[in-house]
Amino acid sequence: MQYRRILALAMLSACAEAGVSLERPDAPVTGNPDAAVDSPTSTGTDAAVDSPPAGCTMMMVNLLANPAFETTPLATGWTETRYMNEPIVRTDGIAGQSPTTKAWLGGVVGTIGANATDGLHQDIAIPASAMNIVLTGFYEVRTGETGASVYDRGSLDLVSTAGTVIEPIQAFTNAAPTTTWTAINKTITANVKGTTVRLRMTSSNDFTAATAFYFDTMALNATVCQ
């Protein structure tokens, strides 16, 4: 059975601006609160700039298919791992960074002992001539949680097709909500030339208030030999 996510206003704190949270009306609200955990961090350094091969015309290209999620049918080029069969690429919820569709992970609570998890990924063939690979895009985090304790998490990673993390891009939690679309910009330092990699987004929500993780207008730009 499919459950529709519902957008609702939630006060983040008594003195903070109102935020938008997403939670099913039948979400469980009883039970002991989660223990606080530390927020993950990711680091990275800029990749060295390569020299182009002789005889090449180097051009910048976006290696992602359907990078802004606008192609129909929805989620073309992407693979969704859904919780309760809720679509991830969709038009409802907050306004997209580039109209009208975006990826919406989370926004629904799990149960005691079983978090609600969503996933979205795309496999990308990286040309052997690729240089200066940079991931850009935008994200939003809206939550019904309050305080600085971390209960809900999202992540954006470059992984192998088997799921092994090649390079973490950014981690997100309910403790760091946003009020507007926020830029992502990460130079890929791992050597992925001539391989197939996976751009993966994930979310995990506990059994109390829900947190939604949105992504839009993504690009995996590389300079390649044409």
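Predicted model, so just to flag it, every value in this text is computed and none were measured.

Thoughts on the pattern of salt bridges
Summed over the entire model, instances satisfying the criterion amount to 7 salt bridges. Measuring nitrogen to oxygen at the nearest pair gives 2.7 Å for the salt bridge that ties Arg82 to Glu80. Each of Glu86, Arg90 and Asp92 takes part in a single network of salt bridges with overlapping partners.

Quick word on the packing of aromatic side chains
Inspection of the entire model under this criterion finds 5 aromatic pairs. For the ring pair Tyr139 and Phe172, a centre distance of 4.6 Å and an interplane angle of 50° mean the geometry is tilted. Taken together, the positions of Tyr139 in strand β8 (residues 131–143) and Phe172 in strand β10 (residues 165–173) put the pair 33 residues apart, joining distant regions of the chain. Judged by its relative accessible area of 12%, Tyr139 falls in the buried class. When its relative accessible area of 4% is taken as the criterion, Phe172 is described as buried. Residues Trp181 and Tyr214 carry aromatic rings whose centres are separated by 6.4 Å and whose planes lie at 70° to one another, so their mutual orientation is edge-to-face. Of this pair, Trp181 sits in the loop between β10 and β11 (182–187) while Tyr214 is found in strand β13 (residues 211–225), placing the two residues 33 residues apart along the sequence. Judged by relative accessible area, which is 16%, Trp181 ranks as buried. Pairwise contacts between aromatic rings join Trp104, Trp181 and Tyr214 into one cluster. For Arg90, the ring lying beneath its charged end belongs to Trp104, and the centroid distance is 4.7 Å.

Considerations on the environment of Asp216
Summarising the element assignment, Asp216 is placed in strand β13. Given the relative accessible area of 0%, Asp216 is considered buried. Separated by 119 residues in the primary sequence, Asp216 and Gln97 have C-alpha atoms spaced 6.0 Å apart. A distance of 2.8 Å separates a polar atom in the side chain of Asp216 from the backbone nitrogen of Gln97.

Structural notes on unusual backbone geometry
At the junction of Thr72 and Pro73, the peptide bond is cis and its omega measures out at -5° in the coordinates. Mapped onto the elements, Pro73 comes out in the loop between β3 (58–62) and β4 (79–81). Look at the link from Pro99 to Thr100: it is a cis peptide, with omega at 0°. Its location among the elements puts Thr100 in the loop between β5 (89–90) and β6 (102–106). You will see that Phe69, though not glycine, has its phi angle at about 65°, which is positive.

Some details on the nonpolar core
As a rule of thumb, nonpolar side chains are buried together in soluble globular proteins. Residues Ile126, Leu156, Met201, Phe215 and Met218 are the most contacted members of the largest nonpolar core, which totals 33 residues. For this core, the elements supplying multiple residues, two or more each, are β6, β7 (116–125), β8, β9 (153–159), β10, β12 (196–205) and β13. At 6 residues, β13 tops the list of elements feeding residues into this core. Ignoring anything within four residues of it in the chain, the contact list for Met218 reads Asn62, Leu64, Pro67, Phe69, Leu135, Thr136, Gly137, Phe138, Leu156, Ile184 and Met201. Ile94, Trp104, Trp181 and Tyr214 belong to the second largest nonpolar core, which has 5 residues in total.

Conventions we followed
Residues numbered from 1 in each chain as written. Predicted model: local features only at pLDDT ≥ 70, side-chain atom pairs only at ≥ 80, totals over all residues. Heavy atoms only, no water. Salt bridge = Lys/Arg side-chain N within 4 Å of Asp/Glu carboxyl O. Phe/Tyr/Trp six-rings, centres within 6.5 Å; stacked < 30°, edge-to-face > 60°. Helix = DSSP H or I, 4+ residues; strand = E, 2+ residues; numbered from the N terminus. Buried < 20%, exposed > 50% of the residue type's maximum accessible area, 1.4 Å probe, protein only. Lys NZ or Arg CZ within 6 Å of the ring centre and 35° of its normal. Polar contact = N/O pair within 3.5 Å; in protein donor to acceptor, adjacent residues only side chain to side chain. Core = buried A, V, L, I, M, F, W, Y, C linked by side-chain atoms within 4.5 Å. Contact = heavy atoms within 4.5 Å.

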